[in-house]
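Chain by chain, the residues run as shown.
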Amino acid sequence: MTIRLISDMGPAHDKAIVFACDGNYMPFAWLAAFLISALSPGRDFDICLASMEMPEIPAGLEPIGARPCRVETGGVFAALCRDARRTETAYLRYALPRAFAGQYRRLLYLDADTFPQAGDFSALLDIDLRGHALGAVRDNSQWRTPGRLPRSSKRLGLPRAPYFNSGVLLIDTAAYEEQKVLDRCLELGASHPPEQIGLDQDLINATLRGDWAELSPLWNWQYTWATRLLEGMVGANVVHFIGHKKPWKHDGGELPPRFRRAYRAFLATHFPDFPAIGPDGTPPHANPGFLYKLYLKHLLSTRPMISYLSRFPDDLTVRDPE
């Protein structure tokens, strides 16, 4: 199989943070790249924006020094499961170690709908992955109920195993290739109907089956009913807007307005052709039903969340998932 990288810029360092998305999500990836750049003055890692088409550097963002990259996959992901929100590009993250082989020893992949706001990204890129090819944060479905069996595992007849969210992946490129993770993903995808395996996250979890390093949730704080209020208390490094409600399109008062304001200002400045983001919308106190449910979810989740968070004394703690 031929995975080919095309870029007008070469690597400046031996590790990189990489976003991989299509044109629809590229403006949001640029915001995340901008935030990481601001958090990391004098950084010792590259920031790459990858897609199946060559990304353009928006006016005013040249000082970031981000590296646009085109990744040709030869259609190897074309037969895998997709839906209305996830195109073939959703699988591109799994080809990045091969595309960047020989250039970066470590990659940190981030979804475009993440919001970096704190943390030492250089230190994260260098942590010990305990012999695993990649590190990730457990999926929010197992934060409070670690024994929960994902639906994809049920469909495939797999036993319970720790299940991670694929929106933030720390990858040891050499180990990833030595352990043939991409090849194993494609073999699994070819041996089962797409609807049986499920989407991109299901595929990589079914392939690795618990063989991954568990990172602190501060690096992938997934916004749910039971985690939104706690985010500000724990000081999450990266907020991840999973699901359908994104700051740039949701104005129902269920997300903190600071995120919507950040997207509004950034897109208006660097992507003036992007549809304007409206005002903050409905304040949360105008929707008491939402607040009651939010508070109740947090109350019921307090004990299991204490147990989960206690497993990570600091944000650079790495564990073998249990």
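Residues numbered from 1 in each chain as written. Predicted model: local features only at pLDDT ≥ 70, side-chain atom pairs only at ≥ 80, totals over all residues. Heavy atoms only, no water.

### Some words on the overall build of the chain
- When helices and strands are counted, the chain shows 11 helices and 12 strands.
- The globule rule puts the C-alpha radius of gyration for 322 residues at 20 Å, and the 19 Å found for the chain is close to it.
- For the chain, the spread of C-alpha atoms along the principal axes amounts to about 55 × 50 × 35 Å.
- Within the chain, the proportion of its 322 residues that are buried is 53%.
- Across the chain, the fraction of contacts at a sequence separation of at least 24, relative to all contacts at a separation of at least 6, is 74%. (Helix = DSSP H or I, 4+ residues; strand = E, 2+ residues; numbered from the N terminus. Rg over C-alpha atoms; globule rule 2.2 N^0.38 Å. Buried < 20%, exposed > 50% of the residue type's maximum accessible area, 1.4 Å probe, protein only. Contact = heavy atoms within 4.5 Å.)

### What to know about the packing of helix H6 (residues 181-191) against helix H8 (residues 200-208)
- Between H6 and H8, the shortest axis-to-axis distance is 9 Å and the interhelical angle comes to 110°. Put simply, H6 runs roughly perpendicular to H8. On the side of H6, the interface is formed by Val181, Arg184, Cys185, Leu188 and Gly189, while H8 contributes Leu203, Ile204, Ala206, Thr207 and Leu208.
- Across the contact of H6 with H8, the residue classes break down as 7 nonpolar, 2 polar and 1 charged. (Axes fitted to C-alpha atoms, helices over the stretch in contact; angles between N-to-C directions. Parallel < 35°, antiparallel > 145°, perpendicular 65-115°, else oblique. Nonpolar A, V, L, I, M, F, W, Y, C, P; charged D, E, K, R; others polar.)

### Examining the environment of Phe100
- Take Phe100: it is sitting in the loop between helix H2 (96-99) and strand S5 (106-110).
- Since its relative accessible area comes to 0%, Phe100 is described here as buried.
- Every residue in contact with Phe100, bar those within four places of it in the chain, is listed here: Leu5, Val18, Cys48, Arg67, Cys69 and Leu107.

### Quick look at helix H1 (residues 26-39)
- Under the 1.5 Å per step criterion, the end-to-end length of H1 is 20 Å for 14 residues, consistent within 8% with the ideal 20 Å.
- The element H1 is largely enclosed, with a buried count of 11 among its 14 residues.
- For H1, the full list of buried residues reads Met26, Pro27, Phe28, Ala29, Trp30, Leu31, Ala32, Ala33, Leu35, Ile36 and Ser37.
- The inward-facing, buried residues of H1 contact strand S2 (15-20), strand S3 (46-51), S5, strand S6 (114-116), helix H3 (121-125) and helix H10 (257-270). (Expected span 1.5 Å × (residues − 1).)

### Let's talk about the packing of aromatic side chains
- In the structure shown here, the tally under the stated rule is 22 aromatic pairs.
- Each member of the aromatic cluster is reached from another via a ring pair, and the members are Tyr25, Phe28, Phe115, Tyr223, Phe241, Trp248, Phe259, Tyr263 and Phe274.
- When the ring centre of Tyr94 is taken as reference, the NZ or CZ atom of Arg93 above it lies at 6.0 Å. (Phe/Tyr/Trp six-rings, centres within 6.5 Å; stacked < 30°, edge-to-face > 60°. Lys NZ or Arg CZ within 6 Å of the ring centre and 35° of its normal.)

### Things to note about H6
- Taken together, the buried positions of H6 are Val181, Leu182, Asp183, Cys185, Leu186, Leu188 and Gly189.
- Where H6 is buried, its residues meet H2, helix H5 (173-178), helix H7 (194-197) and H8.

### Some points on the sheet that holds strand S8 (residues 164-172)
- As summarised here, the arrangement of the 9 strands in space is S1-S4-S3-S2-S5-S8-S7-S9-S12, forming an open sheet in which the pairing is mixed. Each edge of the sheet is formed by a strand with only one pairing partner; in this case those strands are strand S1 (4-6) and strand S12 (318-319).
- Contacts from H1 reach S2, S3 and S5, with the element oriented near 175° to S3.
- Against the sheet, H8 touches strand S7 (134-138) and S8, its axis set at about 55° to S8. (Pairing = 2+ DSSP bridges.)

### Thoughts on the pairing of S8
- Along S8, 8 of the 9 residues are buried, which leaves the element largely enclosed by surrounding structure.
- Pairing of S5 with S8 involves 5 bridges; the strand directions are antiparallel. Considered in S8, the bridge of Leu108 is made with Leu170.

Geometry only, nothing functional implied.
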